[in-house]
Amino acid sequence: MPTFTGLLILSIFVTSGLCAVYQQLSDLKQDRFDFVVVGGGTAGAVVASRLSEVEKFQVLVIEAGPSNEGVLNSQVPLLAFDIQHTPYDWNFTTTPQKFANGRTVSYSRGFMLGGTSSTDLMVFTRGTTDDYDRWARVTGDPGWSWDQMFPYFIKNERFMPPTDGRNITGEYDPTIHGYDGMTRVSLVNEVQNPFESNVFAAADELGGNFQFNLDMNNGTLLGTAWVQGTNGGGERSSSATAYLTRQILGRKNLHVLLNTRTTRIQRSKTSSSDGPEFDKVEVVGNGWPRLFRATKEVILSAGSIGSPHILFHSGIGDAQELESVGIKPRVNLPSLGKNLTDHPFLLMVFEANTTEPNIFANSTLLAEAFEEWNSSRTGPLANIPSANIIYGRLPTNLPFDDPSPGPNTGHWELVLSLNRRPTATPQVIAAISIVSPTSRGTLTINSSDPFDSPLIDPTFFATPGDIAIARDAVRNVRKFFAAKSWEGYITSETPPSAGADSDDELDAFISGNFTTTWHPGCTAMMSPKGADYGVVDPDLKVKGIRGLRIVDASVMPFLISGHLLAGIYAIGERAADMIKQDWMS
Ligand SMILES: Cc1cc2nc3c(=O)[nH]c(=O)nc-3n(C[C@H](O)[C@H](O)[C@H](O)COP(=O)(O)OP(=O)(O)OC[C@H]3O[C@@H](n4cnc5c(N)ncnc54)[C@H](O)[C@@H]3O)c2cc1C
Ligand SMILES: *[C@@H]1O[C@H](CO)[C@@H](O)[C@H](O)[C@H]1NC(C)=O
Ligand SMILES: *[C@@H]1O[C@H](CO)[C@@H](O)[C@H](O)[C@H]1NC(C)=O
Ligand SMILES: *[C@@H]1O[C@H](CO)[C@@H](O)[C@H](O)[C@H]1NC(C)=O
Ligand SMILES: *[C@@H]1O[C@H](CO)[C@@H](O)[C@H](O)[C@H]1NC(C)=O
Ligand SMILES: *[C@@H]1O[C@H](CO)[C@@H](O)[C@H](O)[C@H]1NC(C)=O
Ligand SMILES: *[C@@H]1O[C@H](CO)[C@@H](O)[C@H](O)[C@H]1NC(C)=O
Ligand SMILES: *[C@@H]1O[C@H](CO)[C@@H](O)[C@H](O)[C@H]1NC(C)=O
Ligand SMILES: *[C@@H]1O[C@H](CO)[C@@H](O)[C@H](O)[C@H]1NC(C)=O
Ligand SMILES: *[C@@H]1O[C@H](CO)[C@@H](O)[C@H](O)[C@H]1NC(C)=O
């Protein structure tokens with residue numbers, strides 16, 4: 001019955017042509033909208049979806065990449081590793097990193113509707129009470145505190161049981177979740193044992209940093225927990241599948257333009273006491289430029305790399321830096337692109353004595369798993385890469401200030417899993433993320449051509465604190481696998497980390513092998529209204545400009561100390577409420 005109704009709705013709007021998704025620029029005739037959202041990514045889709053709930057608002061979303069529909073590697077959760085370096089990736093690279101002796105790091109960003117929520121690894125962590133309370137403190141806006149953001153976590157979330165119906169009592173706290181929201185969140189189905197049972201047995205055995213935490217989304221990210229992911233229903237729930245469903249795309253006032261790059265934002269002839277107004281969006285599609293006008297606001301949601309990049313080319317940023325690359329400065333905003341923050345990442349690999357199957361090492365098993373996923377959205381392919389997540393803190397008495405925002409927050413994160421790459425013998429992987437870094441980098445440009453990539457310099461490991469966290473994480477991985485629970489299972493540590501024991505040896509391993517957790521943020525950070533630094537006010541309006549807001553990971557004043565997605569959804573939800581409030585009275 002529900003299926004029949006679904007089909008009926010689908011056929012109605014396909015035949016009547018209401019679904020306003022334009023594959024190319026020339027297909028869209030309208031030039032003026034109330035709101036123009038630049039970037040149909042994680043946050044952009046939320047803002048566009050919520051604003052278009054108001055029938056009188058005409059909303060346009062402009063996305064550089066193609067549609068998410070029918071992209072199997074995006075849809076099947078466990079195939080997420082295979083999206084990088086495909087037509088759905090911007091394929092960025094960092095500048096040579098000093099701590100890595102000049103090595104560069106591949107820097108993936110989603111290039112499709114849903115943005116990086118269509119290409120990421122789907123671990124879902126809200127962050128800590130400390131993270132949001134710090135946002136409230138440094139912006140002077142209590143609306144960013146954990147307590148006031150909590151309703152937005154609930155509004156975003158549609159928690160659902162695993163698709164195989166297994167009993168998850170004791171693996172999450174049902175009282176802190178949303179069940180009627182948009183993003184489908186779940187725990188893994190088909191738990192891989194004995195691997196996962198060993199993880200939780202070792203946590204119980206060791207306690208301390210590793211003690212069991214019932215739910216990582218209650219504001220305390222410490223200890224060992226069952227990980228939650230955006231794979232509710234057994235397929236990827238992205239901002240595109242959740243916030244731009246076919247039904248929502250059927251709204252007459254919502255227009256989604258694909259395969260079209262935004263090059264600049266242009267100012268109108270008018271100015272007010274709030275500064276010049278930027279109301280025109282310059283795009284290039286089908287090889288031609290064109291302007292769209294936003295009569296109410298332009299909302300920039302092109303991500304931590306894309307949003308500052310577009311602003312620089314619009315003459316917004318540090319005036320001297322812009323002049324040096326031949327761009328006429330229009331608004332001097334020296335903080336734009338500064339304070340780029342990211343979470344560095346490291347892998348350790350261990351040999352394992354286990355007969356648990358690796359579907360990626362056996363084409364028969366993989367074909368069976370796909371068949372199962374395709375028919376019932378169950379089985380290993382419906383899962384995110386791991387079932388566990390661990391956060392821990394450095395010992396006390398540090399020779400530097402606590403790099404974390406408070407005691408509910410970890411300094412490092414571990415995600416443990418069986419290696420899915422076909423290897424001669426089974427292996428276990430420990431993925432380490434430095435989630436309380438103090439290094440700050442920059443995003444700049446070195447050309448006036450908006451089609452040239454920006455220079456991305458996260459300046460990884462520029463502080464002794466970040467290096468100390470990485471060493472401590474490596475040592476804690478060893479401690480964890482030395483637990484009795486792993487006896488006869490973990491047989492040895494493999495190179496290049498094996499044998500690196502002293503601080504110097506560990507530093508050589510870290511320097512030669514770290515990459516990124518792909519969490520860039522803070523490049524258009526919030527600061528208090530009237531502050532002489534920062535890029536946006538706490539209401540996300542760009543300082544010194546009228547008619548322009550930024551809504552994406554770039555506005556975070558500090559990164560949240562976990563994975564960013566849940567926080568970005570909450571930012572998008574709150575931003576949509578603030579914008580509606582401004583224009584509905
Ligand atoms: C490989 C990978 C794995 C990750 N794993 C996780 C994870 O497990 N859990 C988690 O929480 N987070 C994860 N992240 C991070 C998370 O996905 C991102 O932080 C988040 O999706 C960013 O959201 P955003 O709205 O800021 O930007 P995006 O979602 O990147 O949206 C920006 C959008 O703007 C578009 N755009 C950019 N420039 C232009 C332009 N000039 N014109 C038009 N459109 C433009 C882009 O194509 C994109 O669609 C991962 C990231 C990567 C890359
Ligand atoms: C990223 O790289 C892949 C592989 O080289 C390529 O096919 C794809 O077109 C690139 N993405 C973009 C957006 O150019
Ligand atoms: C699920 O497990 C819990 C405890 O582990 C148990 O109390 C409960 O009865 C189980 N529920 C079902 C439906 O089996
Ligand atoms: C979250 O849960 C942990 C343990 O499961 C508990 O110690 C902590 O107090 C809880 N935090 C909050 C903010 O409720
Ligand atoms: C970077 O962030 C810090 C707060 O952590 C702030 O004091 C500083 O002014 C910012 N830098 C710039 C250039 O905006
Ligand atoms: C692959 O798995 C199938 C089904 O379990 C098994 O019969 C076969 O022997 C395996 N092949 C290899 C090469 O291990
Ligand atoms: C998945 O199942 C559908 C039918 O539900 C079928 O049309 C499709 O071909 C299957 N896909 C693959 C790759 O087997
Ligand atoms: C800009 O930087 C890129 C990457 O570092 C480099 O390839 C390019 O030559 C630089 N362009 C200019 C004009 O300096
Ligand atoms: C491997 O595991 C098996 C069964 O779990 C055990 O009997 C055997 O001793 C283990 N081998 C090693 C080298 O630990
Ligand atoms: C990893 O680190 C080791 C030093 O511990 C170094 O020899 C090796 O080259 C590094 N690997 C890569 C891929 O850079």
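Only a predicted model underlies this, so the values are computations on that prediction, with no experimental measurement involved. (Residues numbered from 1 in each chain as written. Chains lettered and ligands numbered in written order. Predicted model: local features only at pLDDT ≥ 70, side-chain atom pairs only at ≥ 80, totals over all residues. Heavy atoms only, no water.)

Considering the overall build of the protein chain
To be explicit about the condition: Only runs of H or I of at least four residues qualify as helices and only runs of E of at least two qualify as strands under DSSP, and these elements are numbered from the N terminus. Here the globule rule is a power law, 2.2 Å times the number of residues to the power 0.38, and the radius of gyration is based on C-alpha atoms. The buried label goes to any residue with under 20% of its type's maximum accessible area, the exposed label to any with over 50%, and the partly exposed label to all in between, with areas taken from a 1.4 Å probe on protein chains only. Any two residues whose heavy atoms approach within 4.5 Å are treated as being in contact. Per-residue accessibility takes into account occlusion by the displayed protein chains alone, with areas from the Shrake-Rupley method and a 1.4 Å probe.
Helix and strand counts for the protein chain stand at 14 helices and 24 strands. Compactness check: the protein chain gives a C-alpha radius of gyration of 23 Å against a globular reference of 25 Å for 585 residues, within 12% of the reference. Expressed as a percentage of its 585 residues, the buried residues of the protein chain come to 61%. Put simply, of all contacts in the protein chain between residues at least 6 apart along the chain, 73% involve residues at least 24 apart. Total accessible area on the protein chain is roughly 22300 Å²; 53% of this is exposed by carbon and sulfur atoms.

With respect to the sheet that holds strand β20 (residues 441-444)
Here is the rule: When DSSP finds two or more bridges between a pair of strands, those strands are recorded as paired. Axes here refer to lines fitted to C-alpha atoms; in helices the fit is confined to the stretch in contact. Angles between the N-to-C directions go from 0 to 180 degrees.
On the basis of which strands lie adjacent, the open sheet formed by three strands has the order β15-β20-β21 and antiparallel pairing. A strand with exactly one partner marks an edge of an open sheet, and here the two such strands are β15 (338-340) and β21 (455-457). Along the sheet, successive strands turn relative to each other by an average axial angle of 35 degrees, direction set aside. In this sheet, β20 lies alongside β15 in antiparallel orientation, the contact comprising two bridges. The partner of Lys-338 across the bridge, within β20, is Thr-442. On the sheet, helix α9 (residues 303-313) packs against β20 and β21 and is oriented at approximately 50 degrees with respect to β20.

Digging into the site of ligand 2
Worth spelling out the cut-off: Proximity is defined per residue: any heavy atom of the residue falling within 4 Å of a molecule or strand makes that residue near it. Any N or O atom pair separated by 3.5 Å or less is treated as a polar contact, with the protein-specific requirement of one donor-capable and one acceptor-capable atom, and with residues adjacent in sequence counted only for side-chain atom pairs. Gly is put with the polar residues, along with every residue not named as nonpolar or charged; the nonpolar set is Ala, Val, Leu, Ile, Met, Phe, Trp, Tyr, Cys and Pro, and the charged set is Asp, Glu, Lys and Arg.
For ligand 2, the full set of nearby residues is His-85, Thr-86, Pro-87, Asp-89, Asn-91 and Phe-111. Here a nitrogen atom of ligand 2 sits 2.9 Å away from a polar atom, N or O, in the main chain of Asp-89. Measuring from an oxygen atom of ligand 2, one finds a side-chain N or O atom of Asn-91 at 2.3 Å. For the shell around ligand 2, the residue count by class is two nonpolar, three polar and one charged.

Let's talk about the site of ligand 10
All residues adjacent to ligand 10 are Pro-496, Ala-508, Phe-509, Gly-512 and Asn-513. The contact in question runs from an oxygen atom of ligand 10 to an N or O atom on the backbone of Gly-512, over 2.6 Å. Protein coverage of the free-state accessible area of ligand 10, which is 360 Å², stands at 43%.

Points about the packing of aromatic side chains
The line we're drawing: Centres within 6.5 Å make a pair out of two Phe, Tyr or Trp rings, where for Trp the six-membered ring is used; the pair is then stacked when the planes are under 30 degrees apart, edge-to-face when over 60, and tilted otherwise. The rule for a charge over a ring is simple: NZ of Lys or CZ of Arg within 6 Å of the ring centre, and within 35 degrees of the ring normal.
Counted under the stated rule, the structure contains 32 aromatic pairs. Summarising the aromatic geometry, the rings of Phe-370 and Trp-373 are spaced 5.8 Å apart at their centres and angled 35 degrees between planes, so their arrangement reads as tilted. Highlighted residues: Phe-370 and Trp-373, both in helix α11 (residues 363-376), separated by three residues, approximately one helical turn. Judged by relative accessible area, which is 1%, Trp-373 ranks as buried. Ring geometry for Phe-460 against Phe-514: centres 5.3 Å apart, planes inclined by 65 degrees, an arrangement best described as edge-to-face. Of this pair, Phe-460 sits in the loop between β21 and α12 (464-481) while Phe-514 sits in the loop between α13 (503-513) and β23 (515-516), and the two are 54 residues apart along the sequence. In this pair, the class of Phe-460 matches that of Phe-514, namely buried. Every member of this aromatic cluster is reached through a ring pair, and the members are Phe-195, Phe-210, Phe-350, Trp-412, Phe-480, Phe-481, Trp-486 and Tyr-489. Above the plane of the ring of Phe-514 lies Arg-103, whose end atom (NZ or CZ) is 4.9 Å from the centre.

Focus on the domain arrangement of the protein chain
What counts here: Start and end points for every domain follow an automatic or database-based domain assignment. Two parts placed together each lose some accessible area under a 1.4 Å probe, and the buried area is that loss summed for both. Salt bridges are counted wherever a side-chain nitrogen of Lys or Arg sits within 4 Å of a carboxyl oxygen of Asp or Glu.
The domain architecture assigned to the protein chain consists of domain 1 (2-70 + 240-336 + 522-584) and domain 2 (164-235 + 344-436 + 462-513). Inter-centroid distance (C-alpha atoms) of domain 1 to domain 2 is 35 Å. Opposite the ten residues of domain 1 that make contact, domain 2 presents eleven residues. With both chains or domains summed, domain 1 and domain 2 bury close to 730 Å², and 59% of this area falls on carbon and sulfur atoms. Area buried by domain 1 at its contact with domain 2 is led by Ala-242, Ser-561 and His-563, which between them contribute 58% of it. Joining domain 1 to domain 2, the criterion identifies zero salt bridges. Broken down by secondary-structure element, the contributors of at least two residues to the side of domain 1 that touches domain 2 are α2 (42-51), α7 (239-243) and α14 (565-584). Taken together, the residues that form the side of domain 1 that touches domain 2 break down as five nonpolar, four polar and one charged.

So, α2
Counted residue by residue, α2 has ten buried out of ten residues, so it is predominantly covered. Restricting attention to buried positions, one finds in α2 the residues Thr-42, Ala-43, Gly-44, Ala-45, Val-46, Val-47, Ala-48, Ser-49, Arg-50 and Leu-51.

With respect to the side chain of Ser-49
Of note, Ser-49 is situated in helix α2. Judged by relative accessible area, Ser-49 falls into the buried class, the value being 1%. Residues in contact with Ser-49, not counting those within four places in the same chain, are Met-182, Tyr-243, Leu-244, Ile-248 and Arg-251.

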